[in-house]
Amino acid sequence: MASYPPSKCCAEGFIHEGEPKGTYIEIADIKAYKTVAGKREDAVVVILPDIFGIYLPNTLLIADQFASKSGFTTYIPDILFDDQISLEDLGSGKVDFPKWLGNHSNEITKPIVEKALKAIKEQNPNKKICVIGYCFGAKYAVQQGSKEGIADVVAIAHPSFVTIEEVEALNVPILISCAEIDNQFPADKRVETQAKLQEIKATYQIDIFSGVSHGFAARGDPNDKNVKYAKEKVFFDQSYFFDYHV
């Protein structure tokens with residue numbers, strides 16, 4: 001396995017302040033958040049979220065950034081079929097995390113992702129598809145970067161549950177943004193992943209941010225200057241990577 005399964009640190013974080021500008025729509029009977037830029041006509045961005053799904057303000061604000069700052073119309077499909085976890089419920093005893101993971105296995109989630117991506121591609125037939133995966137969503141972003149997938153370029157941050165076989169199947173450029181402190185994607189797994197990317201002669205970029213933990217790019221503490229820098233740098237890296245490869 002290239003990264004370990006989700007655990008307690010995947011269910012922690014801070015809610016970011018801001019007012020999302022996009023709207024909720026239906027794509028092939030799947031709910032999705034969409035924020036329209038109207039500036040870039042060559043590609044769209046699709047964000048596959050973590051376990052907090054399509055209602056966490058943080059992810060919506062990132063989508064809005066891709067629209068307003070980078071010009072990409074951006075989608076966040078509900079790959080959790082309205083069974084997201086809320087930060088408020090964590091620690092309350094309401095969430096049975098192992099059971100939740102069982103309800104969102106690869107066998108259940110992969111077809112939902114494929115259906116959503118296929119519908120988005122049908123709506124944007126002449127545009128490249130740039131796929132981002134945060135934590136839980138990273139596995140499915142990597143899958144979409146295979147020959148059978150729809151992604152033209154992939155970016156993931158602090159991934160979990162990615163297998164080395166999924167890395168080996170990559171057929172598109174990939175950007176990996178890593179936390180120095182990460183039990184799901186520790187140093188040995190980063191080394192293993194890079195070795196496999198080199199072996200298959202992939203086009204890749206791997207960045208490691210010191211002093212930050214798993215989840216920093218989507219749920220980090222905005223009042224921590226180091227975390228804030230790392231989060232913002234990931235966004236700029238992803239934007240530039242997409243711009244270059246499309």
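The coordinates are above.
Residues numbered from 1 in each chain as written. Predicted model: local features only at pLDDT ≥ 70, side-chain atom pairs only at ≥ 80, totals over all residues. Heavy atoms only, no water.

Asker: Mind showing me how you'd approach the side chain of His 104 here?
Answerer: Looking at where His 104 falls in the secondary structure, it is placed in the loop between helix H2 (97–102) and helix H3 (106–123). A polar atom in the side chain of His 104 sits 2.6 Å from the side chain of Asp 83. Not counting the four nearest positions on each side in its chain, His 104 is found in contact with Leu 80, Phe 81, Asp 83, Thr 109, Phe 136 and Tyr 140. (Helix = DSSP H or I, 4+ residues; strand = E, 2+ residues; numbered from the N terminus. Polar contact = N/O pair within 3.5 Å; in protein donor to acceptor, adjacent residues only side chain to side chain. Contact = heavy atoms within 4.5 Å.)

Asker: Help me understand the pattern of salt bridges in this model?
Answerer: Tallying each qualifying case throughout the model produces ten salt bridges. Measuring nitrogen to oxygen at the nearest pair gives 2.9 Å for the salt bridge that ties Asp 243 to Arg 40. You can see Asp 243 sitting in helix H8 (residues 225–245) and its partner Arg 40 sitting in the loop between strand E2 (30–35) and strand E3 (43–48), a full 203 residues away along the chain. A residue is classified by how much of its surface remains accessible, and Asp 243, at 40% relative accessible area, is partly exposed. Among the charged side chains, a salt-bridge network with shared partners connects Arg 40, Asp 42 and Asp 243. (Salt bridge = Lys/Arg side-chain N within 4 Å of Asp/Glu carboxyl O. Buried < 20%, exposed > 50% of the residue type's maximum accessible area, 1.4 Å probe, protein only.)

Asker: Help me out: how do you make sense of the sheet that holds strand E5 (residues 128–134) in this one?
Answerer: Whenever strands of a sheet pair, they do so through backbone hydrogen bonds, lying parallel or antiparallel. Reading across the sheet, the eight strands line up as E1-E2-E4-E3-E5-E6-E7-E8 and stay open at both edges, with mixed pairing between neighbours. Each of the sheet's edge strands pairs with one partner strand only, and the pair in question is strand E1 (23–27) and strand E8 (204–213). Across this sheet, the average inter-strand angle for adjacent strands is 25 degrees, counted without regard to direction. Note: E1 against E2, five bridges, orientation antiparallel. Within E2, the position partnered with Ile 27 by the bridge is Ile 30. (Pairing = 2+ DSSP bridges. Axes fitted to C-alpha atoms, helices over the stretch in contact; angles between N-to-C directions.)

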